[in-house]
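# Topology and contacts: notes
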Amino acid sequence: MNQIIKITFALTISCVIAASAMGLAYTMTAKAKKHNHHMNVYNAMIGLLGFGEDNPAPSDLKFLNVYRYIVEDGDKKFLGYMVPVEKGTEEAYEMVLIDLEGNFVEKLEVPISAEKAEEAQDRAKALQKVLAAPKIFAYADASVIATSGGKRLGYVLPRKFPGFRTFIHGIVAMDPKFELLGLEIMEHEEDAGLGKEIEQEYFRNQFKGKSYEKLKTLEVVKKPLPVEYKKYLEKSKWEEGMFTEEQIAEIRKQYKDADIYAITASTISSKAVTDGVKNVAKKFAYRIDKLDSVLKKEKIHAAF
Amino acid sequence: MAIKEKTNKQLFVDGILKENPIFKLALSMCPAVGISTSVMNGILLGTAVLFVQVCSSCTISLVRNYIHPKIRIPTYTLTIATWVTVIDLVLAAYVPVAYKAMGLFVRLIVAFAIITMRLEMFACKNPLPKSFWDGFGMGLGFMFAMMTLGFVRELLGSGMIMGYDVLGFKPLLYFVLPCAGFVTVGLMMGFFNWIEVVYERRKKG
Amino acid sequence: MKSIKSYHLLVGVLLIAALFLTGCEGAGHKFVKKTEFKDSDKIVLTFAGPVDEVWATNVANFSCYEKPDPDIVLTIKEAVLSPEKTKLTLIFEAPLNTGEAHILSTTNIMSEGQDMGAALLTVKKLYFGVLMTIFLGAALIKNFVFTKYLGLCVFFGCSQKRSTAIGMGMVFTIVIAFAATMAWALYQFVLKPYQLTFLNIVVFIGLVSLSVQGVDTILRKINPALFKAFGVYLVLVIANCIAIAVPLILADNEYTGWESFSLALGAGIGFLIALFLMACVREKLELAKVPPSFQGLPIAFVTAGLFALAFLGFSGLSIY
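Since the structure is predicted, the reported quantities are computational estimates derived from the model, not experimental observations.

## Description of the overall build of chain B
A tally of helices and strands in chain B yields nine helices and two strands. Ordered by position in the sequence, the α and β elements of chain B form the string α-α-α-α-α-α-α-α-β-β-α. For chain B, the proportion of its 205 residues judged to be buried stands at 55%. For chain B, the share of sequence-separated contacts (at least 6 apart) that also reach a separation of at least 24 residues comes to 72%. A total accessible area of about 9200 Å² is found for chain B, and carbon and sulfur atoms account for 70% of it. Chain B carries 19 positive and 10 negative side-chain charges, and their two centres are separated by 5 Å.

## Quick word on unusual backbone geometry
One non-glycine residue, A:Ala265, lies in positive phi territory at about 65°. Its location among the elements puts A:Ala265 in the loop between strand E10 (260–261) and helix H7 (267–297). Of note, C:Tyr149 is a non-glycine position whose phi angle comes to about 55°, a positive value. By the element assignment, C:Tyr149 lies in the loop between helix H3 (127–141) and helix H4 (152–157). Among the residues examined, C:Tyr149 registers a relative accessible area of 5% and is labelled buried.

## Overview of the packing of helix H5 (residues 162–191) of chain C against helix H6 (residues 200–222) of chain C
Residues and elements named next belong to chain C. The contact between H5 and H6 brings their axes to 9 Å, and the two run at 140°. Overall, the two elements H5 and H6 adopt an arrangement that is oblique. Where H5 crosses over H6, the handedness of that crossing is right-handed. Along the contact surface, H5 presents Val175, Phe178, Ala179, Met182, Ala183, Leu186, Tyr187 and Leu191, while H6 presents Asn200, Val203, Phe204, Leu207, Val208, Ser211, Val212 and Val215.

## Comments concerning the nonpolar core
Among the nonpolar cores identified, the biggest contains 129 residues, and B:Leu45, B:Phe182, C:Phe146, C:Leu152, C:Phe155 and C:Val246 are the most heavily contacted of them. No other element matches the 13 residues that H5(C) contributes to this core. Excluding residues within four positions of it along the chain, C:Phe155 makes contact with C:Val145, C:Phe146, C:Phe271, C:Ala274, C:Leu275, C:Met278 and C:Ala304. With 54 residues, the next largest nonpolar core counts A:Leu180, A:Val280, A:Ala303 and A:Phe304 among its residues.

## Overview of the confidence of the model for chain B
Residue and element names in this part refer to chain B. For chain B, mean pLDDT is 82; residues scoring 70 or higher make up 97% of the total. Within chain B, helix H3 (residues 39–62) carries the highest mean pLDDT (90), whereas helix H1 (residues 2–16) carries the lowest (65). Below a pLDDT of 50 lies the segment residues 1–5, which in the model reaches zero contacts outside its immediate sequence neighbourhood of four places, other chains included.

## Thoughts on the domain arrangement of chain C
Partitioning chain C into domains gives domain 1 (2–14 + 133–314) and domain 2 (32–125). For domain 1 of chain C and domain 2 of chain C, the distance between their C-alpha centroids amounts to 43 Å.

## Things to note about the interface of chain C and chain A
Contacts between the two partners involve 16 residues from chain C and, on the opposite side, 15 residues from chain A. Between chain C and chain A, roughly 1500 Å² of surface is buried when both sides are summed, and carbon and sulfur atoms account for 59% of that area. Sorting the residues of chain C by area buried against chain A places C:Pro70, C:Asp71 and C:Phe198 first, and these three jointly supply 37% of that buried surface. Counting across the chain C and chain A interface gives five salt bridges. Among the salt bridges present, the one from C:Asp69 reaches A:Arg68, with a minimum N-O distance of 3.5 Å. Summed over the shared surface of chain C and chain A, the result is five residue pairs in polar contact (both at pLDDT 80 or more).

## Quick word on the sheet that holds strand E4 (residues 76–81) of chain C
Note: strands within a sheet are paired through backbone hydrogen bonds, in either parallel or antiparallel orientation. Residues and elements named next belong to chain C. Taken in spatial order, the four strands line up as E1-E2-E5-E4 in an open sheet, and their pairing is antiparallel. At either margin of the open sheet sits one strand with a lone partner, and together these are strand E1 (32–38) and E4. On average, adjacent strands in this sheet sit at an angle of 15° to one another, irrespective of strand direction. In terms of strand pairing, strand E2 (residues 42–47) meets strand E5 (residues 87–92) through five bridges, oriented antiparallel. Bridging across to E5, Ile43 finds its partner in Leu90.

## Things to note about the packing of H6(C) against helix H8 (residues 241–252) of chain C
All names here are of chain C. Contact geometry for H6 and H8: axes closest at 9 Å, N-to-C directions at 130°. With respect to H8, the element H6 is oriented oblique. Where H6 crosses over H8, the handedness of that crossing is right-handed. Each of Asn200, Ile201, Phe204, Ile205 and Val208 in H6 lies in contact with H8, whose residues at this interface are Ala243, Ile244, Pro247, Leu248 and Ala251. Considered class by class, the residues forming the contact of H6 with H8 number nine nonpolar, one polar and no charged.

## Some details on the interface of chain C and chain B
Taken together, the contact pairs 31 residues of chain C with 32 residues of chain B. A buried area of about 2800 Å², summed over both sides, lies between chain C and chain B, and 83% of it is on carbon and sulfur atoms. It is C:Tyr149, C:Ile201 and C:Phe301 that lose the most area in chain C upon contact with chain B, and together they represent 25% of the buried surface on that side. One can count one salt bridge joining chain C with chain B.

## Some points on the sheet that holds strand E9 (residues 119–123) of chain C
Residues and elements named next belong to chain C. Strand order in the open sheet formed by three strands is E3-E6-E9, and the pairing between neighbours is antiparallel. With partners counted over all chains shown, the strands left at the sheet margins are strand E3 (62–66) and E9, one partner each. Pairs of neighbouring strands in the sheet enclose a mean axial angle of 20°, with direction left out of account. Examined bridge by bridge, strand E6 (residues 102–106) and E9 share five bridges and lie antiparallel to one another. Paired with His102 across the two strands is Val123, which belongs to E9.

Rules of the game
Residues numbered from 1 in each chain as written. Chains lettered and ligands numbered in written order. Predicted model: local features only at pLDDT ≥ 70, side-chain atom pairs only at ≥ 80, totals over all residues. Heavy atoms only, no water. Helix = DSSP H or I, 4+ residues; strand = E, 2+ residues; numbered from the N terminus. Buried < 20%, exposed > 50% of the residue type's maximum accessible area, 1.4 Å probe, protein only. Contact = heavy atoms within 4.5 Å. Areas by Shrake-Rupley, 256 points an atom, 1.4 Å probe, with all protein chains shown as cover. Lys, Arg positive; Asp, Glu negative; His and termini not counted. Charge placed at Lys NZ, Arg CZ, Asp CG, Glu CD. Axes fitted to C-alpha atoms, helices over the stretch in contact; angles between N-to-C directions. Parallel < 35°, antiparallel > 145°, perpendicular 65-115°, else oblique. Left-handed = near helix turned anticlockwise from the far one by under 90°. Core = buried A, V, L, I, M, F, W, Y, C linked by side-chain atoms within 4.5 Å. pLDDT = per-residue confidence, 0-100. Domains from an automatic or database assignment. Buried area = accessible area lost by both parts, 1.4 Å probe. Salt bridge = Lys/Arg side-chain N within 4 Å of Asp/Glu carboxyl O. Polar contact = N/O pair within 3.5 Å; in protein donor to acceptor, adjacent residues only side chain to side chain. Pairing = 2+ DSSP bridges. Nonpolar A, V, L, I, M, F, W, Y, C, P; charged D, E, K, R; others polar.

Next up, the structure:
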């Protein structure tokens, strides 16, 4: 009996020490983790918009988040957009409810600060206050609108879509005319040496510059990637004087309406990414048009 | 004093060569096969294992007189799990890109037989300095083996070392494919055995 | 004899699960018997009786969207009615994302002049199909040993003889199914709500040890003979990193209870298959002439490499 008590005591003590050590490590790293994740995403977004070391981003560049929710009221369904609006100098959020055909239904003020709006939990709490009981809402996705000097520079869409193995997390960027600005792959579980190549520049840069019209019918072709085009796509490996201005313009023109060249031995992954990008872009273009017309009609002064 | 220092050194060297956890003891084979596709992966996971091994060895060595023999194994597991959680959180926070490349394996260090074995065989019987050197040697031995494997696979598979293109072409894509890990480890083990056989033969005559 | 008994147990559990899951399926309208995806761009509706051709072939009577995107209506290119007028195939313009549930609404269904009322139907992959996909994925396509390289220590240690391989594989399957289901419950109801997910590693490894101890005690009481045969493998389960990888994977992917169970079962069966195959080869290898420096583990590794290459062939396999 004495022994049991002794063992229990010893185990409890060790568990408490271990748990506090882990708790300490967690609290110390949680902030850095979040910050690093944010920086990672931020840098990727800046890069997608075409800014970098030799082309610094304008100082008034702003990333504005539009959060999309699906709101249910009985058997009726609405789309709820949480939109940043201008209210004097302060930034505030409004929930704009739109029915499935794209007609305005209701506009609600959301009591939340810009900083807190980035947290899913804080957003849910604030929305709970304005969308009361019979209404149910579920978070769908967030889209980022980049603005500078009151003008839209582009749309940045962090999304996930099915890949060959599991889901691929990527960021698709489009300019205001829905021309693709680029694609960044953030997370995936494709095979090393095969599907993993989707992260490589020679694959994802192929999406750059595709017009919205072309994008709708974009296909994957199983042809070898032309050597010259590959060199052009691998921008980070460019050396001084490798391409002249005319050459760049010519390559760009030649391949502007080309389909996506599949990665050797990874056609399924290539197709999955292409379909994913196509879907993301098409859905977003459709929705932002509807949202813009509603905002204009109802004279809601969105910050973008 | 001099003898003791030598023993420490001996412990350290043994961990790397004579008792190399991967090539000699054939323990913790999963990461050796799974993520030895590049030298960088080897260094990163090696560092994590080194950290966990040294910290766990030291912890157990410090409290070795207070551990009730009946709950020895749970205490080891708890210690290892704690240190793994710490390194997992730290890596996830400060080197997210590398952390992603290693996937599940950082968290799976908790199930590595090599660490528990060193605790049971060595750290619970020896004082702190000795345990430290033993753990350090074992950790470095693991790292060394991972780097060797990574070197071979990266060079043959993608023609690169540490991400720098050295060959300019890909000799055998097969080696970076996931399934080549087994073959590489098998060939390397055979190669080391062969060296040993040749060496023994030379020594004899 | 003993092993046959446990086979029965496993098959029984599977059958019950299958019955339970298939019993739950319903289309959402009394006149519509079944809805299902076909190919990549078709949805097939099966009605309880014949429907009017004029109504059925008019695509304007149907509208369909993916469940998370209610505002984007998918365009239906054509509606084809089968000769016996009970099966309607809707052909869509673009390939469907069959991983998502689709909502299909119709105007009032007309059957032989009678109005059967409007229908709001959910079209989705059979839940049992989803579970089978996870199960097969874990057992073959993403076999934990040959494509994820986990559990190798035990894999090489226990694959010298066929009898050992089977014993180890069975014990492992039972323990992992038990442990993973508990891990799922603990993760969903305790760790996640209280934001303690950083304790995952400790909790899961504790749970695995606990399950091993639990199975040990139960087996010892209920069936001492079986315990005598398989008891030795129980301790080895803790040293198997698949046992800790499965709970971590199901926590990362937010699987539901049944999905977790099929993942664990698949992982266990996959491990059993790998062990058995390897043991068969290694028994033969004993008779082969192997160079002295390759004897033992090195040649086993090279063999495993060939198996891994063969298992790559399973990728792309899909039944449901």
